[in-house]
Amino acid sequence: MKIEEISKELEQYEHKMQSLMLQMDNLYGEIKAAMPAAAASWMNKEVVRRIRDNPEIVQSIGIEKLGELKSKLKTLTEKLPEIVEAEFHDRGKWPHHVEWVEIPSSQREEPHLNRIFRNVISNIGSLLSEFSLIKVPKGHLPSWGRTGDNRFRYAINPGLDNLPESKIEDYWNLFNEYTALSSKIEDSRKVLAEAKAKELWDKA
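The structure reproduced in this document is the subject of the present report. (Residues numbered from 1 in each chain as written. Predicted model: local features only at pLDDT ≥ 70, side-chain atom pairs only at ≥ 80, totals over all residues. Heavy atoms only, no water.)

### Remarks on the packing of aromatic side chains
To be explicit about the condition: Note on aromatic pairs: the rings of Phe, Tyr and Trp (six-membered ring only in Trp) are paired at centre separations within 6.5 Å, and the planes decide the class, stacked below 30 degrees, edge-to-face beyond 60, tilted for the rest. Secondary structure elements follow DSSP: runs of H or I of four or more residues count as helices, runs of E of two or more count as strands, with numbering from the N terminus. For every residue, the accessible area obtained with a 1.4 Å probe (protein chains only) is divided by the maximum for its type, and the residue is called buried under 20%, exposed over 50%, and partly exposed between those limits.
Under the definition given, this model contains 11 aromatic pairs. Ring geometry for Tyr 171 and Phe 175: centres 6.3 Å apart, planes at 25°, overall stacked. Taken as a pair, Tyr 171 and Phe 175 lie in helix α6 (residues 165-203) at a separation of 4 residues, close to a single helical turn. Phe 175 matches Tyr 171 in its accessibility class, with the two residues each being buried. Ring centres of Phe 175 and Tyr 178 lie 5.7 Å apart, and the angle between their planes is 40°; on these two criteria the pair is classed as tilted. With a gap of 3 residues between them, Phe 175 and Tyr 178 both fall in helix α6, about one helical turn apart. Pair check on accessibility: Phe 175 and Tyr 178 agree, each one buried. Members of the aromatic cluster, connected to one another through ring pairs, are Tyr 28, Phe 88, Trp 94, Tyr 171, Trp 172, Phe 175 and Tyr 178.

As C-alpha cells, then:
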C-alpha cells in the first residue's frame, strides 16, 4: 500500500476516533446527570433497610432522633449533584480518556462508573454511624467498612441498577468499537512509519 493510501486510511480512522470520543463524552455526561437521583434512591432504601434490620436501636433512639436523621438525610441528598460533579471532575480518568492498554481480567480495577457510584453512596456511611445504624445484625455479613475517622465505604458492589441501562450499554458498545479502532490506528501508524523508512532508503 502506498504512503498516500496509508495516510488517508489513518486520517479516516482518527476522524472516526474523534467522533466516538465525542459520543462517549455525551453519554458519560448523561449518566453523570442521572447519578444524583440514582444515589438518592439508593441511600433512602439503605436507611429504611437499616431501620428495619435494627428495630431495638430504632426504639432506643426515639422519634425525635429519627426526625433528625430524616432531616440530615435530606440535606445530604440535596448535596448529591455537587458530590457527583466532584467525582466526575477529572475527565482524564474516564475510561475512553485513559490510554488504552490490554490488562488481564485478574488485574483489572473496579470499573470507573461502579467505583464512582460506590464513592457517592458511601457518603451515607457516616450518617448511619452517627445514629448507630451501621452495626451488623447477627448472621449478616458486614456491608460497610471503616476507611478512617468517621469515614466509611460500602463494602459490597451495589451495581448500577438505578442508572439508565441503555445509556451504559450504548457507552460500552462505543467503547469496544473505540478500543478496536485504537488497535487499527496503532497498526496503521506502524505500517506508515515502515513505508516512509523504506521510501527514504529507496531515495538514498
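Alright, that's what it looks like, and here's the rest.
### Observations concerning the pairing of strand β1 (residues 144-148)
Within a regular strand, the side chains alternate between the two sheet faces. For clarity, the cut-off: Here, a strand pair is defined by DSSP locating no fewer than two bridges between the strands.
Where β1 and strand β2 (residues 151-154) come together, 4 bridges link them in antiparallel fashion. Of the residues in β2, the one forming a bridge with Gly 145 is Arg 153. The hairpin turn running from β1 into β2, its antiparallel successor, is 2 residues long, and Asn 150 in that turn takes a positive phi close to 55°.

### As for the environment of Tyr 28
Our working rule: Here, residues are in contact when the closest pair of their heavy atoms is within 4.5 Å.
Residue position: Tyr 28 is located in helix α1 (residues 3-53). The class of Tyr 28 is buried, set by a relative accessible area of 0%. For the pair Tyr 28 and Phe 88, spaced 60 residues apart in sequence, the C-alpha separation works out to 9.2 Å. With residues up to four places along the chain from it excluded, the contact list for Tyr 28 reads Phe 88, Trp 94, Pro 95, His 96, His 112, Leu 113 and Tyr 171.

### Regarding a negative patch on the surface
The line we're drawing: The patches described consist of residues with a relative accessible area above 30% and no salt bridge, like charges being joined within 9 Å and nonpolar side chains (Val, Leu, Ile, Met, Phe, Trp, Tyr) within 5 Å. Per-residue accessibility takes into account occlusion by the displayed protein chains alone, with areas from the Shrake-Rupley method and a 1.4 Å probe. Counted as salt bridges are all cases of a side-chain nitrogen of Lys or Arg within 4 Å of a carboxyl oxygen of Asp or Glu. Note on charges: Lys and Arg go in the positive column, Asp and Glu in the negative column, and His and the chain ends are not counted at all. A single reference atom marks each charge: NZ on Lys, CZ on Arg, CG on Asp, CD on Glu.
Judged by side-chain charge, Asp 161, Glu 165, Glu 169 and Asp 170 come together as a negatively charged surface patch. For Asp 161, the position within the fold is in the loop between β2 and α6.

### Some words on the environment of Gly 125
Among the structural elements, Gly 125 can be located in helix α5 (residues 125-130). Given a relative accessible area of 0%, Gly 125 falls into the buried group. For Gly 125, the contacting residues outside a window of four places in its chain are Ile 134, Trp 144 and Phe 152.

### A short note on the nonpolar core
Cut-off, in case you're wondering: Here, nonpolar core refers to any group of buried Ala, Val, Leu, Ile, Met, Phe, Trp, Tyr and Cys residues whose side-chain atoms link them within 4.5 Å.
One finds Met 35, Phe 117 and Ile 124 to be the most contacted residues of the largest nonpolar core, which totals 51 residues. Mapped onto this core, the elements with two or more residues apiece are α1, α2 (55-78), α3 (80-88), α4 (112-121), α5, β2 and α6. With 17 residues, the top contributor of residues to this core is α1. Those residues in contact with Met 35 that lie beyond four places of it in its chain are Val 84, Phe 88, Leu 113, Ile 116, Phe 117, Val 120 and Leu 163.

### Let's talk about the packing of α1 against α2
Selection rule: Orientation is described by axes fitted as lines to C-alpha atoms, over the contacting stretch for helices, and by angles from 0 to 180 degrees between their N-to-C directions. Just so you know how the angles are binned, under 35 degrees is roughly parallel, over 145 roughly antiparallel, 65 to 115 roughly perpendicular, and the rest oblique. Under this grouping Gly is polar, as are all residues other than the nonpolar Ala, Val, Leu, Ile, Met, Phe, Trp, Tyr, Cys and Pro and the charged Asp, Glu, Lys and Arg.
Contact pair α1 / α2: the axes reach a minimum separation of 11 Å and the direction vectors enclose 175°. Here α1 lies roughly antiparallel to α2, going by the angle between them. The segment α1 lies against α2, with Ala 40, Met 43, Asn 44, Val 47, Ile 51, Arg 52 and Asp 53 engaging Pro 55, Val 58, Leu 66, Leu 69, Leu 73, Leu 76 and Thr 77. The residue makeup of the contact of α1 with α2, split by class, is 10 nonpolar, 2 polar and 2 charged.

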